[in-house]
Amino acid sequence: MIFSDIDGTILNTRHQLTEATRQAVAKALGKGVRIVLVSARMPQGMEPIRKELALPDILICYGGALIMEDGKAVFSRFLPLSETRKIAETAGRIGIHISLYRQDRWIIGQPDEWAGQESDITSLTPDICPFPDIFQQWEDARTGPNKILFMAKPDRITALKQALEHEVHTDLTFCRSKPTYLEVIPPESSKRLAVSFLCKRYGIPREDILAIGDGENDLDMIEFAGIGVAMGNAPASVKNTADFVTRTNDEDGWAFAVQNDL
């Protein structure tokens, strides 16, 4: 199996699939290799890419907090509602954009430039709803979203991460998928755990998998895989963890890595 990140990895900086990538995907599928997309995106933001590449109907979403198979959730983790409220209050005081993701919903409190930017990237439209109303809807389940996404300038994201790690006493995962994004996902969920779950489900040893990505949230799956590949546009921490560093996502790095390893 090949487990691949999406943004900054299989897509170029224009958020497009290149012809070389399409050919490399077709070659791998032709050899019986399953390719699974692994992303912090929600299912609807991944499904068009999966269909375009004719990949198996398996998706690892929200950084590993949700696994979809044949359109159904086979693994799902949620943030505690109490912690979600605390986190939202902290970010609200700092004045940073907050997006909540639960199953097939993307929720924001009000439109802003950050939501517009994310909508342009994913071609999705968020639901607009006051967070107190959303929290009330989730009260019976006592669970919050699969993921919280904060978007702001890098220095403000750094300040928020430090504040949250100090104020929120729990084993939630805080990860910067890029300098302007901070993502929070539930305990017992990560790209590595999701990859391991599917390896066991399909009876494939870790030695027979390739994982490829460009962000800090890809580190654990790259380290876990038999062959861990970092994109040429990845930060040094990711490159230093990988078995192989390929070209950048604007130089058909995905295709170069996969074709060399098949």
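Small disclaimer: the values here were computed from a predicted structure and weren't measured.

(A) How the structure looks around the side chain of D214. Position of D214 among the secondary structure elements: in the loop between β12 (210–213) and α9 (219–224). One buried charged side chain, D214, makes no salt bridge at all; its nearest oppositely charged neighbour is K191, positioned 6.7 Å away. Every residue in contact with D214, bar those within four places of it in the chain, is listed here: D5, D7, G8, T9, M231, N233, A234, P235 and V238.

(B) Structural context of the environment of G8. For G8, the position within the fold is in helix α1 (residues 6–10). Residue classification places G8 among the buried residues on the basis of a relative accessible area of 14%. With 206 residues separating them in the primary sequence, G8 and D214 have C-alpha atoms 6.1 Å apart.

(C) Representation of the pattern of salt bridges. All chains considered together, the criterion is met by 14 salt bridges. With a shortest N-O distance of 2.7 Å, D7 and R41 are connected by a salt bridge. Within this pair, whereas D7 is found in helix α1, its partner R41 is found in the loop between β2 (35–38) and α3 (43–52), the two being separated by 34 residues in sequence. Assessed through its relative accessible area of 26%, D7 is described here as partly exposed. Relative accessible area serves as the criterion here: at 8%, R41 is assigned to the buried category.

(D) Representation of the pairing of strand β9 (residues 147–151). Burial of β9 is extensive: five of the five residues sit out of reach of the surface. Along β9, one buried face is formed by K147, L149 and M151 and the opposite face, lined by I148 and F150, is buried too. Relative to β9, strand β6 (residues 97–102) runs antiparallel, the two being bridged by five bridges. Bridge pairing in β9 links S99 to L149. Pairing analysis gives four bridges linking β9 to strand β11 (residues 181–185), with the strands arranged antiparallel.

(E) Representation of the environment of E167 in the model. Positionally, E167 belongs in helix α7 (residues 154–167). Distance in space between the C-alpha atoms of E167 and L193 is 26 Å, their sequence separation being 26 residues. Those residues within four positions of E167 in sequence are excluded, and the remaining contacts are T90 and R93.

(F) Here's a closer look at the side chain of N12. With respect to the element layout, N12 can be found in the loop between α1 and α2 (19–30). A distance of 2.9 Å separates a polar atom in the side chain of N12 from the backbone nitrogen of R14. The contact partners of N12, leaving out residues within four places of it in the chain, are T18, N249 and D250.

(G) Here's a closer look at the sheet that holds β9. Taken in spatial order, the six strands make up an open sheet running β8-β7-β6-β9-β11-β10, and their pairing is mixed. Edge positions in the sheet fall to β8 (127–128) and β10 (173–178), since each has one partner strand and no second.

(H) Structural view of the packing of aromatic side chains. If you walk through the whole model with that rule in mind, you get six aromatic pairs. Pairing Y101 with W106 gives two aromatic rings, centres 5.9 Å apart and planes at 10 degrees, and the pair type is stacked. Just as Y101 is buried, W106 falls in that class too. Three or more aromatic residues link up through ring pairs in this structure, and these residues are Y62, Y101 and W106. If you follow R102 out to its NZ or CZ, it ends over the ring of F78, 4.4 Å from the centre.

(I) Highlighting the sheet that holds strand β14 (residues 244–245). Strand order in the open sheet formed by eight strands is β5-β4-β3-β2-β1-β12-β13-β14, and the pairing between neighbours is mixed. With partners counted over all chains shown, the strands left at the sheet margins are β5 (72–76) and β14, one partner each. Pairing of β12 with strand β13 (residues 227–230) involves four bridges; the strand directions are parallel. The residue bridging A211 from the neighbouring strand is G228, located in β13. Set on the sheet, α3 makes contact with β2, β3 (58–61) and β4 (66–69); between it and β3 the angle comes to about 145 degrees.

Rules used in this analysis
Going along each chain's sequence as written, the residues are numbered from 1 onward. Local features in this predicted model are restricted to residues of pLDDT 70 or higher, and side-chain atom pairs are both shown and tallied only at a pLDDT of 80 or more, whereas totals for entire chains, interfaces and linings draw on every residue. To obtain the side-chain values, all non-hydrogen atoms of the structure were included, while hydrogens and water were left out. The secondary structure listing takes helices from DSSP runs of H or I that are at least 4 residues long and strands from runs of E that are at least 2 residues long, numbered from the N terminus. With a 1.4 Å probe rolled over the protein chains alone, any residue whose accessible area is under 20% of its type maximum counts as buried; one over 50% counts as exposed, and the rest are partly exposed. Charge counting treats Lys and Arg as positive and Asp and Glu as negative, with His and both chain ends excluded. Only one rule defines a salt bridge in this text: a Lys or Arg side-chain nitrogen within 4 Å of an Asp or Glu carboxyl oxygen. Any two residues having at least one pair of non-hydrogen atoms within 4.5 Å are treated as being in contact. At least two bridges found by DSSP between two strands are what make those strands a pair. In protein, a polar contact means a hydrogen-donor-capable atom and an acceptor-capable atom, both N or O and within 3.5 Å, with residues adjacent in sequence counting only if both atoms are side-chain atoms; elsewhere, any N or O pair within 3.5 Å suffices. Pairing of aromatic rings covers Phe, Tyr and Trp, the last counted by its six-membered ring, and requires centre-to-centre distances within 6.5 Å; plane angles under 30 degrees mean stacked, over 60 mean edge-to-face, and any other angle means tilted. In our convention, an over-ring charge means Lys NZ or Arg CZ found within 6 Å of a ring centre and within 35 degrees of that ring's normal. Helix axes are fitted only over the stretch in contact, all axes being lines through C-alpha atoms; the angle between N-to-C directions runs from 0 to 180 degrees.

Shape is all these values report; function is a separate question.
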